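Here is how the chains run, residue by residue.
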Amino acid sequence: MVQVDKVNFEEEVLQAKGPVLVDFWSTKCEPCMALLPDVEALEAKYGDQIKFCKLNVLENRRLAISQKVLGLPTICIYKDGEKVAELTKDDATAANIEAMIKEQIQ
Amino acid sequence: MAAEDMKTYDVIIVGGGPAGLSAALYASRSKLSTLVLEKAKPGGQAGTTEWLENYPGFPGGVKGPELMEHFAAQAREFGAEIIKDDVASVDFSGEKKLVCTAGGGQYSASAVILCPGAEPRTLGLPGERELRGKGVSYCATCDGDFFTDLDIVVIGNGDAAVEEAMYLTRFAESVTMIVVHDEGILDATAVIRDRAFKNPKMKWVWNSVVDEIRGDGIVESVIIRNLKTNERTELETNGVFVFVGTVPNTQFLSGAVEMDKRGYIIANEQMETSVDGVYCAGDARVKYLRQVITAAADGAIAAVAAEKYIHEEEGFREMVLAPASPVMVCFWSPTSQESLDFMPAVERIAEARAGSLNLVKIDIYKNQRIAGRYEISAAPSILFFNKGQVCERVQWPTTEEELTLVADRVISGK
């Protein structure tokens, strides 16, 4: 997964061609840590069709809030610089994320 | 369900919080094959609690996630297997208990220990659901960082609410507690209350409730209603943390075991539920105190009770139900003088018919479950089994002569 932060978010996510998934996480968020292996497994499966990024909100709080992310875990998909899909909190399960990816890569 | 898809264990533990991991430690250490099914990271609610001050053995406190990693490691040390999957349904109707997961896993076990725990209760306020993850939160350690130098509101005033609020003052500029009670009154215990009142970042709104959470995309304000004056005021805020107790995660059981009207599982001192071989431990149980230490205690008790159950049932199957030749079972009790006096006669009958009739003695006090299953309420009572089925029943009072006649009738198969 590509590590994104306040410096490269514009280039790696907003300017990117094709769909981009961003995993908003932090080392203090235990549910995020539990989810991360599932997201990595999804990258192995769909990584050729959608770009996978992760953003540690601890050093990028302003950026996260600018993306209207104020809770973890949150998984978003961007297309052409726009957020097109999002799952947060209990809804951010491996099964739901896979369904969201499938919908966005059609 | 194809038998080859089914994985079989001695014990399946549903939920990997403090109760489930303690049960796993005790079960695996007593050589039972043990599976823990946990939907997220092992640790449960304690795993998202920043700091535990009252878990014995850790002066100065211990981090919740760290303690829970130790719990999990210790259970694994004795061979417990922990699989990450969400239990979708159970079937406790048969002798083998079945558990199916959202991930398509199918498991069976002789005993099941239910430790599904509880999750934060939601209030159902307008805006609460829509703004979840957008400033509405139930997890201080998950989301506290977002609110560095910002203003937040906390709903609730119990121990958990006040402790979490104080944790949030490390980040936030101000934390405003909305409290239903009169000024100065909190549900939190005195030591926590006094600490909170001294914290300069904590603000208090008394006699009030939150009616609504507002915001366009992210939280912008809450509508507070004063219960005495019914006056509604809007308070600008960046976040709303809700700590108003918990609800048990027992929906997946669909009433498979007895619960109270709030959905908490009813279990006795041995953690036995209404279903034989199914136990409950931890926060999902009807109990007085929900803490890591009481969850761990429940787990240990449930595992020991489950182990005893498995061995009793196995023993009964092997000695009474499985043999090809007839078995005479004498239910006795050390407190029944008649049963003690009559036992030599029972033994004489069995000895004279060794090879064609086996004798099994069952203490009804120690084996209340098996006695109950065969409706044995008094000792002595004698049941004859043939190929797993009860074929004759002799009630007290009886005589050696009468029992001899029945025994010979059973052996001759007439």
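Structure's up top.
Residues numbered from 1 in each chain as written. Chains lettered and ligands numbered in written order. Predicted model: local features only at pLDDT ≥ 70, side-chain atom pairs only at ≥ 80, totals over all residues. Heavy atoms only, no water.

1. So, the interface of chain B and chain A
Going by this rule: We call two residues in contact whenever any of their non-hydrogen atoms come within 4.5 Å of each other. In this description, buried area is defined as the sum, over both parts, of the accessible area (probe of 1.4 Å) that is lost when the two are combined. The working definition used for a salt bridge is a side-chain nitrogen of Lys or Arg within 4 Å of a carboxyl oxygen of Asp or Glu. A 3.5 Å cut-off defines polar contacts: any pair of N or O atoms within that distance qualifies, except that in protein one atom must be a possible hydrogen donor and the other a possible acceptor, and neighbouring residues in sequence count only when both atoms are side-chain atoms. Runs of E in the DSSP output that reach at least two residues are strands. Runs of H or I that reach at least four are helices, and both are numbered from the N terminus. We call Asp, Glu, Lys and Arg charged. Ala, Val, Leu, Ile, Met, Phe, Trp, Tyr, Cys and Pro are nonpolar, and the rest, Gly among them, are polar.
At the junction of the two partners, chain B supplies 26 residues and chain A supplies 23 residues. Across the chain B/chain A interface, buried area totals approximately 2,100 Å², and carbon plus sulfur atoms make up 54% of it. When the buried surface of chain B facing chain A is broken down by residue, Arg-132, Lys-134 and Phe-146 of chain B rank first, second and third, together holding 31% of it. Summed over the shared surface of chain B and chain A, the result is eight salt bridges. On the surface where chain B and chain A come into contact, there are 14 residue pairs in polar contact (both at pLDDT 80 or more). Of the residues forming the side of chain B that touches chain A, the biggest block, three residues, is contributed by helix H3 (residues 140–143) of chain B. Classifying every residue of the side of chain B that touches chain A gives nine nonpolar, nine polar and eight charged.

2. A few points about the packing of aromatic side chains
The description of an aromatic ring pair uses the distance of the two centres, along with the angle that the planes make with each other. All names here are of chain B. Spelled out, the test is: The pairing test for Phe, Tyr and Trp rings, Trp by its six-membered ring, is centres within 6.5 Å, and the orientation test on the planes gives stacked under 30 degrees, edge-to-face over 60, and tilted for anything in between. The rule is simple: take the accessible area with a 1.4 Å probe, protein chains only, and divide by the maximum for that residue type; under 20% is buried, over 50% is exposed, in between is partly exposed.
Evaluated as defined, the whole model comprises 15 aromatic pairs over all chains. Considering the side-chain rings of Tyr-55 and Phe-71, the 6.0 Å spacing of their centres and the 65° angle between planes classify their relative orientation as edge-to-face. Linking Tyr-55 in the loop between strand E3 (51–52) and strand E4 (62–63) with Phe-71 in helix H2 (residues 64–77), this pair joins segments that are 16 residues apart in sequence. Residue classification places Tyr-55 among the buried residues on the basis of a relative accessible area of 17%. A relative accessible area of 11% means that Phe-71 is categorised as buried. Ring centres of Tyr-374 and Phe-385 lie 5.2 Å apart, and the angle between their planes is 85°; on these two criteria the pair is classed as edge-to-face. Here the residue Tyr-374 occupies a position in the loop between helix H8 (368–373) and strand E22 (381–386), and Phe-385 occupies one in strand E22, the gap between them amounting to 11 residues. There is no split in this pair, since Tyr-374 and Phe-385 are both buried. Grouped by ring-pair contacts, the aromatic residues Tyr-55, Phe-58 and Phe-71 constitute a single cluster.

3. Here's the deal with the pattern of salt bridges
Taken as a whole and assessed by the stated rule, the structure comprises 34 salt bridges over all chains. Of the charged contacts, one joins Asp-38 of chain A and Lys-84 of chain B as a salt bridge, the two residues approaching to 2.6 Å between their closest N and O atoms. Here Asp-38 of chain A is found in helix H2 (residues 30–46), whereas its partner Lys-84 of chain B is found in strand E5 (residues 81–84) on a different chain. When its relative accessible area of 22% is taken as the criterion, Asp-38 of chain A is described as partly exposed. Residues Arg-348 of chain B and Glu-400 of chain B are paired through a salt bridge, measuring 2.9 Å at the closest nitrogen-oxygen approach. In this pair, Arg-348 of chain B is assigned in helix H7 (residues 337–352) and Glu-400 of chain B in helix H9 (residues 400–412), connecting sequence segments 52 residues apart.

4. Observations concerning the packing of H2 of chain A against helix H4 (residues 94–105) of chain A
A pair of packed helices is characterised by two quantities: the angle between their axes and the separation of those axes. Residue and element names in this part refer to chain A. So the rule is basically this: Helix axes are fitted to C-alpha atoms over the stretch in contact, other axes to C-alpha atoms as well, and angles between N-to-C directions run from 0 to 180 degrees. In these notes the angle categories are as follows: under 35 degrees is roughly parallel, over 145 is roughly antiparallel, 65 to 115 is roughly perpendicular, and the rest is oblique. The handedness criterion is simple: a crossing whose near helix is rotated anticlockwise from the far helix by less than a right angle is left-handed, and one whose near helix is rotated clockwise is right-handed.
Relative orientation of the contacting elements H2 and H4 amounts to 30°, with a least axis distance of 10 Å. The orientation of H2 with respect to H4, classified from their angle, is roughly parallel. Note on packing geometry: the crossing formed by H2 with H4 is right-handed. Judged by residue contacts, Leu-35, Asp-38, Val-39, Leu-42, Lys-45 and Tyr-46 of H2 engage Ala-94, Ile-97, Glu-98, Ile-101, Lys-102 and Ile-105 from H4.

Interpretation note: all reported values are geometric properties and have no functional meaning in isolation.
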